[in-house]
Structures are given as structure tokens and as C-alpha cells.
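# Fold and geometry: a report
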Amino acid sequence: MARADRPAVTPAATDGPPGTEPARRAVEAVWRIESARIVGALTRYTGDFALAEDVAQEAVAEALVTWSREGAPANPVGWLLATARRRAIDGFRRRSALDERYAVLAGRLAEGEASSGAVAPPDRPDDLPWDPDRVDDDVLALMFVACHPVLSPEARVALTLRVVGGLSSEEIARAFLVPVPTIQARITRAKKTIAAAGVPFELPSAGERRQRLGGVLSVLYVIFTEGSTATAGDRLLRPEPAYEAVRLARMLAALLPGEPEVHGLLALFELTAARFPARTGPDGEAVLLEDQDRRLWDRSAIRRGLAAIDQATAVGHGLGPYGLQAAIAACHASAASVPETDWERVVLLYEALGRVAPSPVVELNRAVAVAMANGPRQALSIVDELAASDRLSGSYLLPSVRGELLARLGRTAEARAELELAARLCRNVRERSVLLRKAAALA
């Protein structure tokens, strides 16, 4: 029987020194898939969210060293949990005021060694502290803690990606183009804020869960949006955070099958991500919708997205904001080309979206759909009203759309000036190049 501090290695690992790179890949794979369950289980055991995340990270660091030397254990999740629990117990032991709590935790560890991986009995060597075919409520609780209203929106995003998504600070910083210390500071402040506010690690009541679900969905929406069209930098797409948002949305849909907007959000993500393979060229340049090779679109993702819309419709009383956006994306996904898109339906969907979730961006998108359905003159009046309201001041989106409409109306000089203004305001290199290319074509 393997000792608690010397987990059994896989047969392949006994042929020689396992090496650092295989160990790193093994740790990353386990952490990316199981981090939410690991941190959730540790939070439930310790009652301390910050401590759970810290000891989980310490266990990962220890795994990189130990697995490089001895190979990955037969039960890597159990190994990480057992190691993190021991770290937590050591922390409580150093805090003499918590001796009684330490005794409780020590008892739990002794009782749970077989299932945690610390000791692997011959008859059940692969037991996990959860059913691998069932998504544990710990994950859902973890999502609600990470997206708690006491945190700033930026902190919610960083904490969700860290503790629920399993991304490192470096990966999060790279996705959002901010320095690593900034992300680390956000995560640290978030954990301190949660501790100071006494946020419990538990599922909110059904009523409160419904109230706070919007915050969870908005965090996933921000993560996906930044991945699908980067705000700044030299890449149009940042697929890593976008696909992570898709994975988390799938997890949330499994946890809350009766919430229509969860399915609506998942549908929006699937249908939008389906177009990723065609949105950039070989050199990373942006490819406009009308120029995309639709044969490259991911048909499996489109089918999943359409199925999610059906699910949202089946469990709800009409589509909400995310469901309506997904329905718009479905119009594009189902069309053979831009001219063959059902633009009249898109206009109606944007009108509905404007009623349930009014915003200047929704109105601007409605203007684009109106231009495709009824011509640029009617659309330009909508855009001019937006410009007069000054609700999109400083955004490149309004002058870019206005420039397109003016060009279609033959007002070339004005169109070129608008597109050049949009390029100056745009922070994404790839989108800026498209705008400048359009402006140059009008010279």
C-alpha cells in the first residue's frame, strides 16, 4: 500500500525518470479540468475560501516537483486534495487559536484518506471524493462566491477565471492585456473582500440565486466577449478565454437546467464561437462576415447552439436578453450568405432586445440590420439620433457604422472622415487595419 506522502505511480512512470515536461502537462491537464471541484471541496472542508485557493495552489506547486521525480499518481485529483488538506491542517496548526478546528479537520482527513487518494485501498484504488459523472454543487457555490456582488466587475472576472476556470494569473493577464501584478492584486483583494464581508461558501437560496444569477452570467459574457473580439492588442481573437467561457457556461447549464437565460447564454457562445475559424486569415487579419468562407464554420457548435436555444425556449416564458442575442446569431448561422440572411427577422429581434435590455450598442446594431433590410437611408437616421444623444461618445463603433452607411449613400468624403475617426478611436490593431483599408478605398 502506498504511503500518504509517496503516492503510487503509473506503470509508465516506473521505466525511468519521468521528467519535468510530462509532469507539467499532467498537472496542467488535471488542474484545468478539476480545479473548480478541488477548490470547492477544500472550501467546504476548511470553511475558508481564500485558504482553500491558496493551499490548492501550493499543492499544484508541490505536484510539479514530486510528479517530475516520481511520476503522476494513479489518482492525481486525490493526490492534490490530500496534499492541499495537509497544507490547510498545517496552517491551522500554526494558528494556535484554532486548535479545535484543526482537530476536526484532522479527523476528517483520517476518515477520508481512502477516498482522497492519501491511501489507496486495493479494492477501490480510483475512488474520488465526488461522483465523476455528476457535477457537484460545490462548483455552483464556487461560481456564486467568485461572482459575489461585493466584488468589482474586474475582480469577479479575474477570480472566476482563476478559481473556477483554473487559469493562471499569467494566462488571465495575457487574455486581458494587463500586467500580471495587476491580476494578482485583483485576486488577492477579491479574496480579502470576500473574507471581510463574511461571504459564506454555500448555495444561495432559490430566490437569491435567481437574483444573483445575472451577475454570474454577466461575468461569463465579459470573458467571452473579450475573447471573441479583443478590446486592444494585435489579435482580433483571443480564443483561450472565449472557449473557457463556453466551458463554464456548459457547466452552469448542467447545474441549472431550469434557467432559460443560462441556456440562452450558452447558445450565444456556441453560435458565435462557431464562426471563429473563418474570422481571421492566415496572418491573423480580420475577415469580414461577407467575406468569410462559411464552410469553415463549426457545424457541431452550431447544432449545439440551436439545441440550447430550443432548451431556453422550452423552460422559459420567452427569450431573455442572452436568448435574443443567440436567436440573432442563429439567423447568421443558418444563412448561406449575407444577402440570404433573414434581415427582417434580425430587425425584429433587435427591437425585442431593445425593449428588454435597452442600450446604445443594441440600437446601433439594429441600425445595421435595418440597413440590410430596408436600405442605408433609414438606418442613417437611427445612427444620427444616437450621435446626437452622445451615448457612444469615444467609441469607434458609431463612426465605423456611420462611415459604412455614408459610403453606401455615395457621400464619399464624409464616409472617409468617419472611417478615419473610427480607426483613430479603435484600440485593436486588426480592426483598425480594416477601417483604414476601407477609408483608403474611398480616396
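Residues numbered from 1 in each chain as written. Predicted model: local features only at pLDDT ≥ 70, side-chain atom pairs only at ≥ 80, totals over all residues. Heavy atoms only, no water.

- Under the annotation held in an unreviewed UniProt entry, the protein chain carries the name RNA polymerase sigma factor (Sigma-70 family) and is attributed to Streptosporangium becharense.
- Regarding the protein chain, the UniProt comment filed under Sequence similarities (unreviewed entry) reads as follows: "Belongs to the sigma-70 factor family. ECF subfamily." (UniProt positions renumbered as here; feature names shortened; annotations may be inferred.)

### Here we look at unusual backbone geometry
- Although it is not a glycine, Asp-390 adopts a positive phi angle of roughly 60°.
- Its location among the elements puts Asp-390 in the loop between α17 (376-389) and α18 (397-408). (Helix = DSSP H or I, 4+ residues; strand = E, 2+ residues; numbered from the N terminus.)

### Structural notes on the packing of aromatic side chains
- Summed over all chains, the structure comprises five aromatic pairs.
- Considering the side-chain rings of Phe-224 and Phe-276, the 6.1 Å spacing of their centres and the 15° angle between planes classify their relative orientation as stacked. Pair noted here: Phe-224 is in helix α9 (residues 206-228) and Phe-276 is in helix α12 (residues 276-279), with a separation of 52 residues, a long-range link. An identical accessibility class is assigned to Phe-224 and Phe-276; each is buried. (Phe/Tyr/Trp six-rings, centres within 6.5 Å; stacked < 30°, edge-to-face > 60°. Buried < 20%, exposed > 50% of the residue type's maximum accessible area, 1.4 Å probe, protein only.)

### So, helix α10 (residues 239-255)
- Along its 17 residues, α10 runs 24 Å from first to last C-alpha, staying within 8% of the 24 Å computed at 1.5 Å per residue.
- Taken together, the buried positions of α10 are Pro-241, Ala-242, Glu-244, Ala-245, Val-246, Leu-248, Ala-249, Met-251, Leu-252, Ala-253 and Leu-255. (Expected span 1.5 Å × (residues − 1).)

### A few points about the environment of Ser-300
- Here Ser-300 shows up in helix α13 (residues 299-315).
- Note: C-alpha distance between Ser-300 and Leu-271 (29 residues apart in sequence) is 9.6 Å.

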